Amino acid sequence: MFRLDWFRKDPSEKYRMGCGSSFDASDGPRTVVVFGSTGLLGGAIARRLLQEPFLYKVRCVTRRSSGEKARELAEHGAVIVNADLGETKSLEKALEGADIMFLTTHYWEEKNKEKEVIKGLNAIDAAIQCGVKHIIFNGSENVKKIIGKECSHLDSKSAIEEYIREVDNPSVDVTGINNSLPEITTNDIGINFTILRLPFWLENFYSVFKPHKLKHAVYAVALPLEGSELDVMSVEDVGEIVASILRRPRQYYGKTLNLSVESLSMENIVDTFNRHFDNRKFTDPKIRIKDMEKFQFPGSKDLAAMFEFYQSGQAVRDIKLTRKLNPHALTFDRWLSENRDKVEEALREAN
């Protein structure tokens, strides 16, 4: 078990000083602070909430306020705030007066699990200190506990989840996973939280898991599924899911939402690529977990462990709930149709 007391000597300490948040439903739009707002996930959430300015004031946290993505968000009405997850004072300033925080942390920037966890805990502490009323976090199961192998980019998020659950309720046993997690209500804790657990992002198909070229016009889709199916969704569709949660927040306090739009086999994935790109041929190279473990790029063992976790049957996702929260969420087929240009560009880069 990943020990949180290494990071916080007293995780049960109450934070009741506050940073001045005194929101009432009649006061007007709720202020939502979005971390990772210039990335795929945070950006999707910020853009969706910015569509309803009478309901939400969106405060986007970034370390690069002069960047193009930050400028685009500002043009659509976001307040851009400079803050760093490693600097507590900047976090408290970013969260002052906020009602809701969406938090996602990024392992791959530094490839350091301990640093990611510390940054996540910093944000949680600052949110509690500032009286934030609802925390929504992009979490994960504890992969190491399930399969016995390190999966740093998911295990770090599991550790932050654990801290959220115990920070105001240290007597709760938080070592379970999936449906074995204790049901926690706002009567038990001093903070309201909702955990999102996402599946494989379809956007990976034009980034880290883009098909790679074998020869002229022939590409391999290299996912080590080994006969299992893969839960997927577009990260862009998480924005509507968060908007649905915020319409009825009390319904989702203390809940872990396991999201997926559909479950696909390698045959489904390859066939869909071939339907949309008739000038190319896509194949399944039947890559295995043990093959990926031997790859020499940084993080290959973590990604292999992630796929082993997906194969384990313990990555339980709820397609019905996901479609309830976002009835218009894209299937892979529709997503590929709408994102063909981005995939096409990635394929050209693979040449």
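Residues numbered from 1 in each chain as written. Predicted model: local features only at pLDDT ≥ 70, side-chain atom pairs only at ≥ 80, totals over all residues. Heavy atoms only, no water.

Would you explain the overall build of the chain in this entry?
A tally of helices and strands in the chain yields 13 helices and 13 strands. For the chain, the residues scored as buried account for 55% of the 351 residues in total. (Helix = DSSP H or I, 4+ residues; strand = E, 2+ residues; numbered from the N terminus. Buried < 20%, exposed > 50% of the residue type's maximum accessible area, 1.4 Å probe, protein only.)

Where do I start with unusual backbone geometry in this structure?
Both trends apply: most residues other than glycine have a negative phi, and most peptide bonds are in trans. Positive phi, close to 65 degrees, is recorded for Ala-217, a residue that is not glycine. When you line up the elements, Ala-217 lands in the loop between β8 (212-215) and β9 (218-220). We note that Glu-226 has phi near 50 degrees; this positive angle belongs to a residue other than glycine. Structurally, Glu-226 can be placed in the loop between β9 and β10 (230-233).

What's the story with the sheet that holds β9 in this structure? I'm lost.
Two modes of strand pairing occur in sheets, parallel and antiparallel, and in both the strands are linked by backbone hydrogen bonds. Here three strands make up an open sheet; going across it, the order is β8-β9-β13 and the pairing mixed. This sheet does not close on itself; its edge strands, each paired only once, are β8 and β13 (281-283). Each neighbouring strand pair of the sheet contributes to a mean axis angle of 35 degrees, computed without reference to strand direction. Sheet topology note: the β9/β13 ladder contains three bridges and is parallel. Directly across from Val-218, in β13, lies its bridge partner Lys-281. (Pairing = 2+ DSSP bridges. Axes fitted to C-alpha atoms, helices over the stretch in contact; angles between N-to-C directions.)

Got a minute to help me understand the nonpolar core in this structure?
For soluble globular proteins, the rule of thumb is that nonpolar side chains tend to be buried together. If you look at the biggest cluster of nonpolar residues, it comprises 37 residues, and the most contacted ones within it are Phe-205, Leu-223, Ile-269, Phe-273 and Phe-307. When residues of this core are traced back to their parent elements, those giving at least two are α5 (143-147), β10, α8 (266-276), α9 (289-293), α10 (300-311), α12 (332-338) and α13 (340-349). Among the elements that line this core, the one with the most residues is α10, at seven residues. Those residues in contact with Leu-223 that sit more than four places away from it in its chain are Phe-200, Phe-205, Phe-209, Leu-230, Met-266, Ile-269, Ile-287 and Phe-307. Membership of the second largest hydrophobic core comes to 32 residues, among which are Val-34, Leu-73, Ile-100 and Phe-102. (Core = buried A, V, L, I, M, F, W, Y, C linked by side-chain atoms within 4.5 Å. Contact = heavy atoms within 4.5 Å.)

It is not clear to me how the environment of Arg-64 should be interpreted in this structure. Could you clarify?
Mapped onto the secondary structure, Arg-64 falls in the loop between β2 (56-62) and α2 (68-75). Residues Arg-64 and Ile-80 lie 16 residues apart in sequence; the distance between their C-alpha atoms is 9.4 Å. If near-sequence neighbours (up to four positions away) are discounted, Arg-64 is found in contact with Ala-70 and Asn-82.

When you look at the confidence of the model for the chain in this model, what are you seeing that I'm missing?
The predicted coordinates of low-pLDDT regions are not to be read in fine detail. Per-residue confidence for the chain gives a mean pLDDT of 88; residues scoring 70 or more make up 85%. Taken as a whole, residues 1-17 scores under 50 in pLDDT and shows 40 contacts with residues more than four places along the chain or in a different chain. (pLDDT = per-residue confidence, 0-100.)

Would you take a moment to explain the packing of aromatic side chains for this structure?
Using the criterion set out here, one finds 17 aromatic pairs in the structure. Between Phe-205 and Phe-332 the ring centres are 5.3 Å apart and the planes differ by 35 degrees, which places this aromatic pair in the tilted class. Here Phe-205 is found in the loop between β7 (200-201) and β8, whereas its partner Phe-332 is found in helix α12, with 127 residues between them in sequence. Here the two residues Phe-205 and Phe-332 agree in accessibility, since each one is buried. Relative to Phe-282, the ring of Phe-277 lies with its centre 5.7 Å away and its plane at 55 degrees, an arrangement referred to as tilted. (Phe/Tyr/Trp six-rings, centres within 6.5 Å; stacked < 30°, edge-to-face > 60°.)

Explain the layout of surface pockets to me, please; I cannot follow it from the model alone.
Leftover empty space is mapped by rolling, across the atoms, a probe with the size of a water molecule. Taken as a whole, the second largest pocket spans an internal volume of roughly 660 Å³. Elements with a contribution of two residues or more to the lining of the second largest pocket: α1 (40-49), α2, α12 and α13. No other element matches the five residues that α1 contributes to the lining of the second largest pocket. Residue composition of the lining of the second largest pocket, by class: nine nonpolar, 10 polar and 12 charged. (1 Å grid on protein atoms, 1.4 Å probe; cavity = no way out; pocket = protein on both sides within 12 Å on 5 of 7 lines; lining within 4 Å. Points joined across faces, edges and corners; volume = space filled by probe spheres on them. Nonpolar A, V, L, I, M, F, W, Y, C, P; charged D, E, K, R; others polar.)

Looking at this structure, I do not really get the packing of helix α3 (residues 88-95) against helix α4 (residues 113-129). What am I missing?
Relative placement of two packed helices is described by the angle separating their axes and the distance separating the axes. Relative to each other, α3 and α4 sit at 45 degrees, their axes nearing to 9 Å. Classified by the angle their axes make, α3 and α4 are oblique. Judged by the twist between their axes, the crossing of α3 over α4 is right-handed. Together, Thr-88, Leu-91, Glu-92 and Leu-95 of α3 and Asn-122, Ala-123, Ala-126, Ala-127 and Gln-129 of α4 make up the contact between the two elements. Per-class residue counts for the contact of α3 with α4 are five nonpolar, three polar and one charged. (Parallel < 35°, antiparallel > 145°, perpendicular 65-115°, else oblique. Left-handed = near helix turned anticlockwise from the far one by under 90°.)

What should I look at first to understand the pairing of β8 in this one?
Working note: regular strand, side chains alternate between the two faces of the sheet. In this sheet, β9 lies alongside β8 in antiparallel orientation, the contact comprising three bridges. The residue bridging His-212 from the neighbouring strand is Ala-220, located in β9. Joining the antiparallel neighbours β8 and β9 is a turn of two residues, in which Ala-217 adopts a positive phi near 65 degrees.

What is the right way to read helix α6 (residues 152-166) from this model?
Every α-helix winds through 3.6 residues per turn, so residues three or four apart in the chain are directed the same way. For α6, spanning 15 residues, the distance from its first C-alpha to its last is 21 Å, which sits close to the expected 21 Å at 1.5 Å a residue. Across the 15 residues that make up α6, a large majority, 15, are buried. (Expected span 1.5 Å × (residues − 1).)

When you look at the pattern of salt bridges in this model, what are you seeing that I'm missing?
Charged atoms that come close allow side chains of opposite charge to pair. One pass over the structure, following the stated rule, counts 22 salt bridges. The salt bridge partner of Lys-119 is Glu-110, with a shortest N-O separation of 2.7 Å. For Lys-119, a relative accessible area of 18% puts it in the buried group. Given the relative accessible area of 38%, Glu-110 is considered partly exposed. Across the salt bridge formed by Asp-291 and Arg-288, the nearest N and O atoms sit 3.0 Å from each other. Taking relative accessible area as the criterion, Arg-288 reaches 37% and is therefore assigned partly exposed. Within this structure, Glu-141, Glu-161, Arg-165, Arg-197 and Arg-317 form a network of salt bridges that share partners. (Salt bridge = Lys/Arg side-chain N within 4 Å of Asp/Glu carboxyl O.)

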